[in-house]
Amino acid sequence: MRAFKFTPSSEPEAAVKAVKANSEAKFIAGGTNLIDLMKEGIEGPSELVDISRLNLTQIRSTSTGISIGSLAKNSDTANHPLVRRDFPMLTQAILSGATAQIRNMATNGGNIAQRTRCPYFYEVSVNCNKRRPGSGCSSLEGYNRNHSIFGFSDKCAAVNPSDMSVALAALDASVNVLGADGKTRVIKFNDFHRLPGDTPQRDNNLEHGELITSIEIPKSNFAPHSYYLKVGDRASHSFALVSVAAALELDGGKIKQARIAMGGVAPKPWRAYAAEKFLAGKTPSEENFSAAADSEMKAAIPLEHNGFKIELGKRAIVLALKRAAAGNA
Amino acid sequence: MARDTKVIGEAISRIDGLLKVTGGANYSTDFPVKNVAYGFIVKSSNAAASIKDIDTTAAEKSPGVIAVLTYKNAPKVAGSGNLSGGVILQEPKVDFYGQHVAVVVADTYEQARYAAELVKVNYEPLPAMVDFDAHKGEAVEPQRGRGSKRGDFDAAFVAAEHKVDQTYLTPVYHHQPLEPHSTIAVWEGSKLTLYNASQVVNGVQNAIAAVFGLKPADVHVVTPHVGGGFGSKGSAWPHVVLAAMAAKLVNRPVKLALTRQNMFNSVGLRQRNVQHVRLAASADGKLTAIGHDTTTHTAVTGEFIEQCGHLSSMMYDAPNASIGYRVLPMNVIIPTFTRAPGESTGSFATESAIDELAYELKMDPIEFRLKNFSMTDPSNGRPFSSRATAEALKKGAEMIGWTKRKMQPRSIRNGDFLIGYGVAIGSYPSRQVPSSTLVKLKRAGNDVTATIETAASDLGTGTYTIVAQTAAETLGLPMDKVEVKIGDSEFPPAAGSVGSIGAASFCNSVSETCIQAKNELQAKTGRTWVAPPTVAQLMEAANLNEYQTRVDARPSAEAQKYSSHAFNANFSEVWVNAYTGAVRVPRHVAVTGAGKIINAKTARSQIIGGCIWGIGMALTEASILDPRWGNFVTRTYNDYHIPANLDVGTIDVAFIPEDDRVVNRLGIKGVGEVGIVGVAASIANAAFNATGKRVRDLPLTPDKLL
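As the structure is a computational prediction, the values presented were derived from the model and not from experiment.

Colleague: Kindly report on the overall build of chain B, identifying the contributing residues and their values.
Modeller: Helix and strand content of chain B: 16 helices and 24 strands. Over its C-alpha trace chain B gives a radius of gyration of 27 Å, about what one expects of a compact globule, namely 27 Å for 706 residues. For the C-alpha atoms alone, the extent of chain B along its principal axes is close to 80 × 70 × 50 Å. Buried residues in chain B amount to 60% of all 706 residues. A sequence separation of at least 24 residues applies to 83% of the contacts in chain B between residues at least 6 apart.

Okay, structure coming up:
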């Protein structure tokens, strides 16, 4: 681990200014991802600006929905009564990720900004375009069982590891950001993470020094019929092979609106727009769920070892929709 | 009134437990050593190469760095010491990815770790053999052939009415104990002290002594507590040598701890096995032929194979059998003993094939097994000293509720889940090996305390406790009057905690020593006692306040005339998600005949641990080698999935009482290894019963059951 300067901060504006002033500085909050990356020599910031004491931990209802502080802990967020009542799928998603110990340290801003767990990204002795741009991708012709089937490029096929982000994508969340100029901006969740294209080193659209202050989720009628399904290689603490956030708004026995996002299949949380569109106005039947899943997964492109994700993805969409339709008892 | 000293067999909590949960137990790197420096390993990024040069300039200039140990400045060694993984830093050559090529020594761990990134190694790559699946056809007979034959397998197999001919695959597994391997090396003149996590105290002592040309007595190994080992701490690995070399180089004690990532390339592994099993039976369900051919790999630096076919050779009394091995030397770290080596992976193949043949015969798999074993070991013609297979199958069937099982797969469904039941049996050889004990008795009035000293080790499994129980009961003292001192090479040499030899070797030795102490004291009193005297009475009558005696215990010759094994039966209830293929094991039953159980609680925990290992083997664990570079793609606990709380359901453990005085005087068979044997097959058989899908390629990840 490279030696670094540790800069405490008590105000968001000061923290932003400090990071902006040093191109090698990074924010640190829970540290559950960054510290690992620093230990292994993947990240080597010269300065860490500590934001863990900033007053950005509130979870409160707003006129338009709910606002979740970027520095609220994952466990506090998952177990907050408002979240449990209005967005139970978010609770399920957060609790399906990591371990209790990690969730107790990890913050919401850190969760959505966490980096991929592609093993080649972590293995510094091999090439990786995300770690060393232009060096080449070791996963495309390597062991890519848990890599993307959507949205990848010839530069990178790593998946985004966050469960929380999948639920937030389905719920049409947005991310509030404080910039170096003191101005705030709002990033729609679907625009927060990036596809790799030719610049896989950039996971998201935050500029250097920009600080996530809160995540907003708009009001919706999905709470009674939503479900987060995660399929991993292990029941405890493993990253998703495939996960599905499925939410239905039912009206008179018909699907008024469906929201589906997938994890483990793409470099960013993958909104299944084709499946959502297919389900609008249909009855919530297994047959329709299956056809919706087919409509989404037909665009998938498998790599050498991850072809199973297409069939698994279909089945996971069907099961998640089935459980969402059955309702949250 | 005297407190109860009948403690053998009781469920007694570990006497070292309080120390551990309060942080008082010192593991290797916990020992406070003055002026200690920290080492960090630089690993090879090539699987085979000669090293043209190592540039340590930048690392040496980095803050806090004291020295960088490489092949250039490493002391020349006196011998190999049969070191697992080969002698280290003696030539500019690399035989596997991750091999240690340098150690940076600095004032702090972080300084050493950072400077390790600055060491530049210039490799001349050489052809490397790292793709087992592509080259397994080139595997050859092992140097030490371990195959066996009886009858005429080929003729019997060809002639048989019913047969199974299948190949079963298991991946590379890593031990990954929770405590990574670590060493503190301290030189005082030509004497070396090693605080080093070890399963075999004297084994490490002798190996390191040979490497440095020292007398074993000049190597002091201290390892009072070990945080798991599972075979990986059974031998000395190169990092132990590196710590001692580095300490010599910088003339300071050096602490060297492997990272979790280092653990995949530093301390052995369980190799990938391709097992071709052929079974044949007559229409009435009598096995006529067993063939078991294993193709596996070892390292280019040495040969180690696990005996996957051993269980097939002795479990069933088919008249014809053929067991064979082929091995491919590869540029990977050398494999080593891994929990129930051979039996655990071998039983997956054998017991899956037995299940397949039972289906072929339309026989209940319990009935099929009962029909095909005998009380004589068919591999050597010796009688089993005891064998609880039938009792374990019967009891286990009751415990799991076997009558709920339907022979027809996919018969039981609950909501989104397909439910199935499976069974598999297992065994592991029981042995006592030479082990010495010193007992020291002290008396103050009627109060006697005993100290037991032996260079045994405790992996967290209960050695301290069973030794204390044995001594307490034999001496007629309460448990709290017995102090146990182990994990130190200054104590009398002992067996290791390996191969299920620990309990039998330690406890028989402790028992013999305590009996000898009483006999010697009685002789000293010169009296004939009507009622059996207490140790306090004996010491008083002999006019002694202190007394000590030592026994070098040996196994009996009688035991050699028999085959002795612990036998078990496993039953699994498995739920498979019909949509996602995810497998869960809500209930597993393990019934074991393991002779005398010294401690009902620690033995139960050992079996549960074995079952959890079996769940990992069946469902979640696999190390993946990248055939381009020979590195493990799975390189942390994130990628290498050991089962955790949600993956482990209820595990019900029962023991079949046995009084086997042939295996050893106390009748102990050992429980460390047998617990895992048969578990993976039991789960895979249950998954077939649930889904109708036979997975012969572990682990049973969701993609294989879609």
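From this point, things continue past the structure.
Colleague: How would you sum up the overall build of chain A? Please name residues and give values.
Modeller: A count of helical and extended segments in chain A gives 13 helices and twelve strands. The C-alpha radius of gyration computed for chain A amounts to 19 Å, which stays within 12% of the reference 20 Å derived for 329 residues, consistent with globular compactness. Counting only C-alpha atoms and orienting by the principal axes, one finds that chain A spans roughly 60 × 50 × 35 Å.

Colleague: For the sheet that holds strand β8 (residues 162–170) of chain B, give the residues involved together with the corresponding values.
Modeller: Residue and element names in this part refer to chain B. The mixed open sheet is built from five strands, whose spatial order is β7-β15-β14-β13-β8. Bordering the open sheet on either side are β7 (148–150) and β8, each of which pairs with just one other strand. Taking the axes of each pair of neighbouring strands and ignoring which way they run, one obtains an average angle of 10 degrees across the sheet. Bridging between strand β13 (residues 273–281) and strand β14 (residues 287–299) involves nine bridges; their strand directions are antiparallel.

Colleague: Just give me the short version of the sheet that holds strand β17 (residues 417–429) of chain B, but keep the residues and values in it.
Modeller: All names here are of chain B. Pairing within the open sheet is mixed, and its five strands lie in the order β16-β17-β22-β23-β24. A single partner strand is all that each edge strand has here, and the edge strands are β16 (412–414) and β24 (650–655). Direction aside, the axes of adjacent strands within the sheet are offset by 25 degrees on average. When strand β22 (residues 565–577) meets strand β23 (residues 583–593), the two strands line up antiparallel, connected through nine bridges. Looking at the pairing, Ser572 lines up with His588 of β23. Relative to β22, helix α11 (residues 389–400) is tilted by about 25 degrees, and along the sheet it contacts β17, β22, β23 and β24.

Colleague: Residue-level account of the interface of chain B and chain A, with values.
Modeller: Contact residues are listed per partner, giving 31 residues for chain B and 26 residues for chain A. It is helix α3 (residues 109–116) of chain B that contributes the most residues to the side of chain B that touches chain A, three residues altogether.

Colleague: Just give me the short version of α11(B), but keep the residues and values in it.
Modeller: Residue and element names in this part refer to chain B. The end-to-end C-alpha distance of α11, which contains twelve residues, comes to 16 Å, matching closely the 16 Å that a straight helix rising 1.5 Å per residue would cover. Residues of α11 that are buried make contact with α10 (365–370), β17, β22 and β23. One or two positions beyond α11, positive phi appears at Gly401, with a value near 80 degrees.

Colleague: Run through the packing of helix α12 (residues 286–297) of chain A against helix α13 (residues 308–326) of chain A, naming residues and quoting values.
Modeller: Residue and element names in this part refer to chain A. Where α12 contacts α13, the two axes come as close as 9 Å, and the packing angle between them is 140 degrees. Here α12 is positioned oblique relative to α13, judged by the angle of their axes. The crossing of α12 and α13 is right-handed. Of the residues in α13, those in contact with Glu286, Phe289, Ser290, Ala292, Ala293, Asp294, Glu296 and Met297 of α12 are Ile310, Gly313, Lys314, Ile317, Val318, Leu321 and Lys322. By residue class, the composition of the contact of α12 with α13 is eight nonpolar, two polar and five charged.

Colleague: Give me the lowdown on unusual backbone geometry, citing residues and values where you can.
Modeller: Cis geometry marks the peptide bond from B:Leu698 to B:Pro699; its omega dihedral reads -5 degrees. As for its placement among the helices and strands, B:Pro699 is situated in the segment after α16 (679–691). Positive phi outside glycine occurs at A:Asp172, with the angle close to 55 degrees. For A:Asp172, the location among the structural elements is in the loop between α9 (164–170) and β6 (174–178). Unusually for a residue other than glycine, B:Lys362 sits at a positive phi of about 55 degrees. Residue placement: B:Lys362 occurs in the loop between α9 (343–361) and α10.

The rules behind each value
- Residues numbered from 1 in each chain as written.
- Chains lettered and ligands numbered in written order.
- Predicted model: local features only at pLDDT ≥ 70, side-chain atom pairs only at ≥ 80, totals over all residues.
- Helix = DSSP H or I, 4+ residues; strand = E, 2+ residues; numbered from the N terminus.
- Rg over C-alpha atoms; globule rule 2.2 N^0.38 Å.
- Buried ≥ 20, exposed ≤ 12 C-beta atoms within 10 Å, placed from the backbone.
- Contact = placed C-beta atoms within 7 Å.
- Pairing = 2+ DSSP bridges.
- Axes fitted to C-alpha atoms, helices over the stretch in contact; angles between N-to-C directions.
- Expected span 1.5 Å × (residues − 1).
- Parallel < 35°, antiparallel > 145°, perpendicular 65-115°, else oblique.
- Left-handed = near helix turned anticlockwise from the far one by under 90°.
- Nonpolar A, V, L, I, M, F, W, Y, C, P; charged D, E, K, R; others polar.

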